[in-house]
Amino acid sequence: MATSLVPRSLFRILYLFPTSPFTFNAQSFNPLKFSATRAMSSASTQRLFQLKFDPLTGNSEWVVIEEEVDGVSENTQKPILATTSYLDMLNDATRNRAFREAIDKTILKPCRVLDIGYFSSPVFSLLALKSMKRRCAGTGLLSMMAARAMDSAVGDSKGMVTACESYLPMVKLMKKVLRLNGMERKVKVINKRSDELQFDSDIISRADALVSEILDSELLGEGLIPTLQHAHDKLLVENPLTVPYKATIYGQLVESTYLWKLHDLYNNEAKACDAIHLVPEGMDPIICVKPQQYPLHCDAIAKEVKLLSEPFRVFEFDFWKRPESRAEKELHIKATDGGRVHAVVSWWMLQLDREGTVFYSTAPKWISPPFNIGAGDWCDHWKQCVWFIPDNGVSISKDEQVHICASHDETTFSYHLKAQIPRGEVLQHGDNAENFKLILPPERIAVYGDREWRLAMLTAITNALQGRSPSACMIADDSVFLTLMVACLSKQTLVLSLFPGIRDKGAKYLQAVSYANGISMDSIKVIEKRKSCLTVHDTFEKKVDLLISEPFYYGNDNALPWHNLRFWKERTMLDSVLSDDALIMPSKGILRACFMSLPDLWSSRRGLGTIEGFDHSVTNDTLGACGELPEGQEGPCLAFYIWQCGEYEELSEIFTVMEFDFSKPISPCSGKSQVKVSKAGICHGIALWIDWVMDSKNSIVISTGPDKRYWKQGVKLLANPVAVGARGSADGVECCSAVIEASFDPSTGELDVQHSFL
């Protein structure tokens, strides 16, 4: 019942086995600050391995923490669970009610009930770590529902609920919840992976019923299929009772310029004025998104979507029987309107009981019954999914029959229109595309295809090169765009690229596209040595005259905005190879903020009380709930696309909190601002982001604020909402202005934010 990770930036889980050697490669994971723990049992202690990642250096470190079995400190739990979306899941009242109703209808007599999460084999543990997804028995809500249902049932046999949970901090939290609700003797908690359960010692026989919530936005990404396969093979009786009973995947063909821009770089950059070809003609696959579905709050783009078909059924999955690992089917869809199919938007609907009276749906709000039965309010743990149709989509006419091939494996779905011409995987000159291909996030594809952004970068670099001829320019981040642009604009300059995330992939990519961009690879060098160890010998005896960055660090797309101040840290580490008058771009960063109304987001993170009759208040401290934290304790800053956070509204002018001067070495910074409320409303939090000033004249600024869709903002939710503006608060106190203070710690890369209303 645990959720996927809300900021998806501060939490990872890694399973370590004493009998299985494991090598961890930090470069294969997102460069975000996160903690990972895994407990290994011994006679009297639990050993916790905590992985800490420094967002400003990209370095990771394992820390071994020895604790008594019952002595895992609250300090260990808080930084881990406070940044997850357990709260978001548990605050989903529609989901909670649906599971309770279905369990009450299904568990009609005492029986053996199993509550498990995903199939926790080593392989899927690593998949969970890399994809930032995790499901488990969580706080035990479903287990308690099942135990209560059996208490009210009539029967001579004795029932038992077994909850399988492998994550030690969650086990401890679950036991607190069970104890608070008098359920500790009715639910047996086993701190193991589901495939580690042993008959006799853990379970005495196969279970008669399965209650589980192992679903992500795509349905399968949390390991639903292998979980059910293992459960049916090893843990359940034949034809068991299950909640949910089945799930159905639905899809719809749509036209959307926004969705098109998220993946078609070739056609979008053709309209740019800089003559840089990130995707030269004949090399269309060389920069692309990963061929998968992408979770997205599609309601946020509802006004920009043209529907080209009615919803259609894709696949069904019965929880009560063993699923197949793979399937494929051909769909014949009638177009309801003419246009270009840019994407397939998909969602799922659960039928939770056998009779078909209880449903839950993740359908977008534009969908009508019967394809959206059970749809709830905005939540972040489940979104819709988008499958991009390659290139500029496929043109269709009204009433045309569109042929779609839909398929799935154990964890993903895919769709292919029969009208598509297969994309070649062989580049010009006979080179294999896989050797040079760069897989980038959709938002990064959109940025690189954005004419306004490219023009700003072109202007900044052109101005920087006027009147000077740099002997060496260094690209500090993973920007292949800046590398190509500098090489094209200044043929005599040696361009040194660090590529900390894409590494040799970046070098191979440049080699493939250099000819099409009219540059020689002799003028570009990719440096693989650590920045802290660089000398002028590594820069070919040249001092760096121009150090630039977007900044963009591969895999950092889920981080908080100030984690991109990694550029400042690296600029400091590179000081020894910079010339005395080196030009730094961006020249500074400006921390901006705005007080906002965010009712949907705040509600998803609010303190927990009674959930379907079970008290969860004991979880609020550990989960970092809004409104329920001890005095003096602040909730975490979380990373969100604010424009996708349901209802939102700016309540103040955008104001500056502090500035970061990149011409100087990194140092602690602080700032304080007072801002007037410009609109009456209920303030739920503060949005924070960084505007990057690219030139010394402050004329070219790249903003990453809430109106910019391709960057996430940091969100500091208030402990309790505050009524602001002319209307005043409920108790008659009028809040017309606020003060915000912030301090940046370069040793941790973290930002401390404090506020007060006046």
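The rules behind these values
- Residues numbered from 1 in each chain as written.
- Predicted model: local features only at pLDDT ≥ 70, side-chain atom pairs only at ≥ 80, totals over all residues.
- Heavy atoms only, no water.
- Core = buried A, V, L, I, M, F, W, Y, C linked by side-chain atoms within 4.5 Å.
- Buried < 20%, exposed > 50% of the residue type's maximum accessible area, 1.4 Å probe, protein only.
- Contact = heavy atoms within 4.5 Å.
- Phe/Tyr/Trp six-rings, centres within 6.5 Å; stacked < 30°, edge-to-face > 60°.
- Lys NZ or Arg CZ within 6 Å of the ring centre and 35° of its normal.
- Pairing = 2+ DSSP bridges.
- Helix = DSSP H or I, 4+ residues; strand = E, 2+ residues; numbered from the N terminus.
- Axes fitted to C-alpha atoms, helices over the stretch in contact; angles between N-to-C directions.
- Parallel < 35°, antiparallel > 145°, perpendicular 65-115°, else oblique.
- Left-handed = near helix turned anticlockwise from the far one by under 90°.
- Nonpolar A, V, L, I, M, F, W, Y, C, P; charged D, E, K, R; others polar.
- Salt bridge = Lys/Arg side-chain N within 4 Å of Asp/Glu carboxyl O.
- Expected span 1.5 Å × (residues − 1).

How would you summarise the nonpolar core if you had to cite specific residues and measurements?
Core analysis: the largest hydrophobic core is formed by 121 residues, its most contacted members being Leu-259, Leu-278, Ile-287, Tyr-509, Leu-591, Phe-660 and Phe-744. Non-local contacts of Leu-278, meaning those with residues more than four positions away in its chain, are made with Leu-265, Glu-269, Ile-286, Ile-287, Tyr-448, Arg-454, Val-480, Phe-481, Leu-484, Tyr-509 and Val-513. Ala-98, Ile-116, Met-150 and Ala-209 belong to the second largest nonpolar core, which has 89 residues in total.

Describe the packing of aromatic side chains, with residues and values.
Any aromatic ring pair is given by two values, namely how distant the centres are and how the planes are angled relative to each other. With the rule as written, the count across this model stands at 25 aromatic pairs. Ring pairing ties together the aromatic residues Phe-567, Trp-568, Phe-660, Phe-662, Trp-692 and Phe-744, which thus form one cluster. Directly above the ring of Phe-315 sits Lys-329, whose terminal nitrogen or CZ lies 5.7 Å from the centroid. Sitting above the plane of the Phe-552 ring, Arg-444 keeps its charged end 4.1 Å from the centroid.

Can you break down the sheet that holds strand 22 (residues 401-408) residue by residue, with the values?
Taken in spatial order, the three strands of this open sheet run 16-22-23, and their pairing is antiparallel. Unpaired on one side and paired on the other, strand 16 (327-334) and strand 23 (413-417) mark the two borders of the sheet. Between one strand axis and the next, the sheet turns through 25 degrees on average, direction left out of account. Here strand 22 runs beside strand 23; their pairing, made up of five bridges, is antiparallel. Note that in strand 23 the partner of Cys-405 across the bridge is His-416.

Describe the packing of helix 12 (residues 480-489) against helix 13 (residues 504-513), listing the residues and the values that go with them.
Packed helices, taken two at a time, are described by the angle their axes make and the gap between the axes. Relative orientation of the contacting elements helix 12 and helix 13 amounts to 40 degrees, with a least axis distance of 11 Å. Looking at the two axes, helix 12 sits oblique to helix 13. For helix 12 against helix 13, the interelement crossing comes out right-handed. In this structure, helix 12 contributes Val-480, Thr-483 and Leu-484 to the contact, and helix 13 contributes Tyr-509, Leu-510 and Val-513. In terms of residue class, the contact of helix 12 with helix 13 is built from five nonpolar, one polar and no charged.

So what about unusual backbone geometry? Which residues, and what values?
Here Glu-550 and Pro-551 are connected by a cis peptide whose omega angle stands at -5 degrees. When you line up the elements, Pro-551 lands in the loop between strand 28 (544-548) and helix 14 (566-573). Here Asp-399, not a glycine, exhibits a phi torsion of approximately 75 degrees, which is positive. Its place among the elements puts Asp-399 in the loop between strand 21 (394-396) and strand 22. Residue class for Asp-399 comes out partly exposed when judged on its relative accessible area of 46%. Not every positive phi belongs to a glycine, and Asn-698 is a case in point at roughly 60 degrees. Its place among the elements puts Asn-698 in the loop between strand 37 (681-693) and strand 38 (701-702).

If you had to explain the pattern of salt bridges to someone new, which residues and values would you point to?
Under the definition given, this model contains 20 salt bridges. Two residues, Asp-274 and Arg-454, come together in a salt bridge whose shortest N-O distance is 2.8 Å. Taken as a pair, Asp-274 in the loop between helix 9 (265-269) and strand 12 (287-288) and Arg-454 in helix 11 (residues 451-465) lie far apart in primary sequence, 180 residues in all. One salt bridge connects Glu-316 with Arg-313, and the closest N-O pair in it is separated by 2.7 Å. With a relative accessible area of 37%, Glu-316 lands in the partly exposed category. A single network of salt bridges, built from pairs that share partners, joins Lys-246, Arg-313 and Glu-316.

Give a detailed account of helix 3 (residues 93-106), specifying residues and quantitative values.
With 14 residues, helix 3 ought to run about 20 Å at 1.5 Å a step, and its terminal C-alpha atoms sit 20 Å apart, in line with that. Among the residues of helix 3, Thr-94, Arg-95, Asn-96, Ala-98, Phe-99, Ala-102, Ile-103 and Thr-106 are the ones counted as buried. Along its buried surface, helix 3 packs onto helix 2 (86-90), helix 5 (141-151), strand 9 (207-211), strand 10 (236-243), strand 19 (359-361) and strand 31 (610-611).

Summarise the packing of helix 11 against helix 12; cite the residues concerned and give the values.
Across the interface, helix 11 lies against helix 12 with an axial gap of 11 Å and an inter-helix angle of 45 degrees. Taken together, the axes of helix 11 and helix 12 lie oblique to each other. The chirality of how helix 11 crosses helix 12 is right-handed. The residues of helix 12 that touch helix 11, namely those facing Trp-453, Arg-454, Met-457, Leu-458, Ile-461, Thr-462 and Leu-465, are Phe-481, Leu-482, Met-485, Val-486 and Leu-489. Looking at the contact of helix 11 with helix 12, its residues break down into ten nonpolar, one polar and one charged.

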